[in-house]
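Reading the structure
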Amino acid sequence: MPELPEVETYRRYLEANVLGRQIAVVPHIDNSMVRHADPLALVAQLEGSHISSTHRHGKLLFANLSRGGHLVMHFGMTGDLKCHPPGEEPRHARLVLDFETGDSMTYVCQRKFGYLSLADDPEEFVSALGWGPDALNGLDETVFAAGLASTRTPIKAVLMDQRRWAGIGNLYADEALFQAHIAPTVPGNELGPRRRRRLFSAIKEVLRTAVSRGANFDAYPDGYLLTARVPNAPCTNCGASLSATKVGGRTTIYCPRCQRR
DNA sequence: CGTTATGTTCGATG
DNA sequence: GCATCGAACATAAC
């Protein structure tokens, strides 16, 4: 579940359920998931801390720890957060926090493509990764235009490149291109000002809408590709059969009739 | 058995 | 340096 809207939903979940509650003990951690930090140091910072605030940049979530530092969470393709009674950890638990108040919260990551870390400063961590501004809160049209103008790479691959701007993955790239009526294979530098503006607006609109619905696909508006993103399904816009292909190495679903080159 | 999966990185090649 | 392609990571579902 982990593109920008999903991670923003996790952030709000932390704010609503975990903020200010002291972590008594960390009964389980998968050391192989910890990057750029010492697992023992991470546990040491977690135990006795409470989360005092949260921050998100692209697909990265940061939890400010009261004893110092930030717990960093990346969710890969299969990450999730879940509160539950102590001792009832979900499958594929990679980090479990037991709170003094009684229950627990688990970071789950089935495929282990995500990672955990400990950072002094969130924005320093982000810039060390070389990532661009947050696609929802930090990306402006000037940067967007410059990012497209400088490359012949297919627009979909450009949208997913975290070094240009952070947070858009395979599904929301398809959705934004669908809403903007732009074919995924168009080279970035072939989009004129008009279509570029339409795409910029579509990105913001799609991300805002997804966040406001808690990244729940079932709650997305009629006409969203993500409500029926299946090869050969009828386009919600024109009824044509949706095509499937690969762009940027990822499965891509689009309408060959309404999305123009 | 083979294929696919909401992510990212690295190496080979042109 | 840039772009493209494929493989790799680890695990499950169909």
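Residues numbered from 1 in each chain as written. Chains lettered and ligands numbered in written order. Predicted model: local features only at pLDDT ≥ 70, side-chain atom pairs only at ≥ 80, totals over all residues. Heavy atoms only, no water.

Once that is clear, we can look at empty space enclosed by the protein. Within the structure shown, the criterion is met by one cavity of 30 Å³ or more. Taken as a whole, the largest cavity encloses approximately 30 Å³ of empty space. Lining of the largest cavity is provided by I168, Y172, A173, A176, I203, V206 and L207. Breaking the lining of the largest cavity down by element, the ones donating at least two residues are α6 (170-180) and α7 (193-212). Split into classes, the residues belonging to the lining of the largest cavity amount to seven nonpolar, no polar and no charged. (1 Å grid on protein atoms, 1.4 Å probe; cavity = no way out; pocket = protein on both sides within 12 Å on 5 of 7 lines; lining within 4 Å. Points joined across faces, edges and corners; volume = space filled by probe spheres on them. Helix = DSSP H or I, 4+ residues; strand = E, 2+ residues; numbered from the N terminus. Nonpolar A, V, L, I, M, F, W, Y, C, P; charged D, E, K, R; others polar.)

Surveying the vicinity of DNA strand C reveals the residues R91, H92, Q110, R111, K112, F113, S150, T151, R152, T153 and P154. Separating a phosphate oxygen of DNA strand C from a side-chain N or O atom of R91 is a distance of 3.0 Å. With respect to DNA strand C, the side chain of Q110 contributes an N or O atom lying 3.0 Å from a base oxygen. Counted by class, the surface near DNA strand C contains two nonpolar, five polar and four charged residues. (Near = heavy atom within 4 Å. Polar contact = N/O pair within 3.5 Å; in protein donor to acceptor, adjacent residues only side chain to side chain.)

When its domains are assigned, chain A resolves into domain 1 (4-129) and domain 2 (141-254). For domain 1 and domain 2, the distance between their C-alpha centres works out to 29 Å. Taken together, the contacts link ten residues of domain 1 with 13 residues of domain 2. Between domain 1 and domain 2 the total buried area reaches about 870 Å² when both faces are included, carbon and sulfur atoms providing 67% of it. When the buried area of domain 1 at its contact with domain 2 is split by residue, L4, P5 and K59 rank highest and sum to 50% of it. Linking domain 1 to domain 2 there are zero salt bridges. (Domains from an automatic or database assignment. Contact = heavy atoms within 4.5 Å. Buried area = accessible area lost by both parts, 1.4 Å probe. Salt bridge = Lys/Arg side-chain N within 4 Å of Asp/Glu carboxyl O.)

Of the voids in this model, the largest pocket is the one considered here, and its volume is about 490 Å³. For the lining of the largest pocket, the secondary structure elements donating two or more residues are α6 and β10 (250-254). Among the elements that take part in the lining of the largest pocket, α6 stands out by supplying three residues, more than any other. Considering only residue class, the lining of the largest pocket consists of nine nonpolar, six polar and five charged. Shared between two domains, the lining of the largest pocket takes at least three residues from each, and those domains are domain 1 (4-129) and domain 2 (141-254).

What follows covers the sheet that holds strand β3 (residues 60-65). Strand order in the open sheet formed by four strands is β2-β3-β4-β8, with antiparallel pairing between adjacent strands. Two strands in the sheet have a free side with no partner beyond their single neighbour: β2 (51-57) and β8 (115-119). The sheet shows a mean angle of 20° between the axes of neighbouring strands, direction not considered. Where β2 and β3 come together, six bridges link them in antiparallel fashion. By the bridge assignment for β3, S53 is matched with N64. Running over the sheet, helix α1 (residues 4-17) touches β2, β3 and β4 (70-74) and is turned about 170° from β2. Lying on the sheet, helix α2 (residues 39-46) is in contact with β3, β4 and β8; it crosses β8 at an angle near 70°. (Pairing = 2+ DSSP bridges. Axes fitted to C-alpha atoms, helices over the stretch in contact; angles between N-to-C directions.)

A separate point is the nonpolar core. Membership of the largest hydrophobic core comes to 33 residues, with the highest contact counts inside it found for F144, I155, L159, W165 and L199. Going through the elements one at a time, α4 (141-149), α5 (155-160), α6 and α7 are the ones with two or more residues in this core. Setting aside residues up to four positions removed in sequence, L159 forms contacts with F144, W165, I168, A173, L177, L199 and I203. In terms of nonpolar packing, the next biggest core, distinct from the first, is built from 27 residues, L61, L95, F99 and M105 among them. (Core = buried A, V, L, I, M, F, W, Y, C linked by side-chain atoms within 4.5 Å. Buried < 20%, exposed > 50% of the residue type's maximum accessible area, 1.4 Å probe, protein only.)

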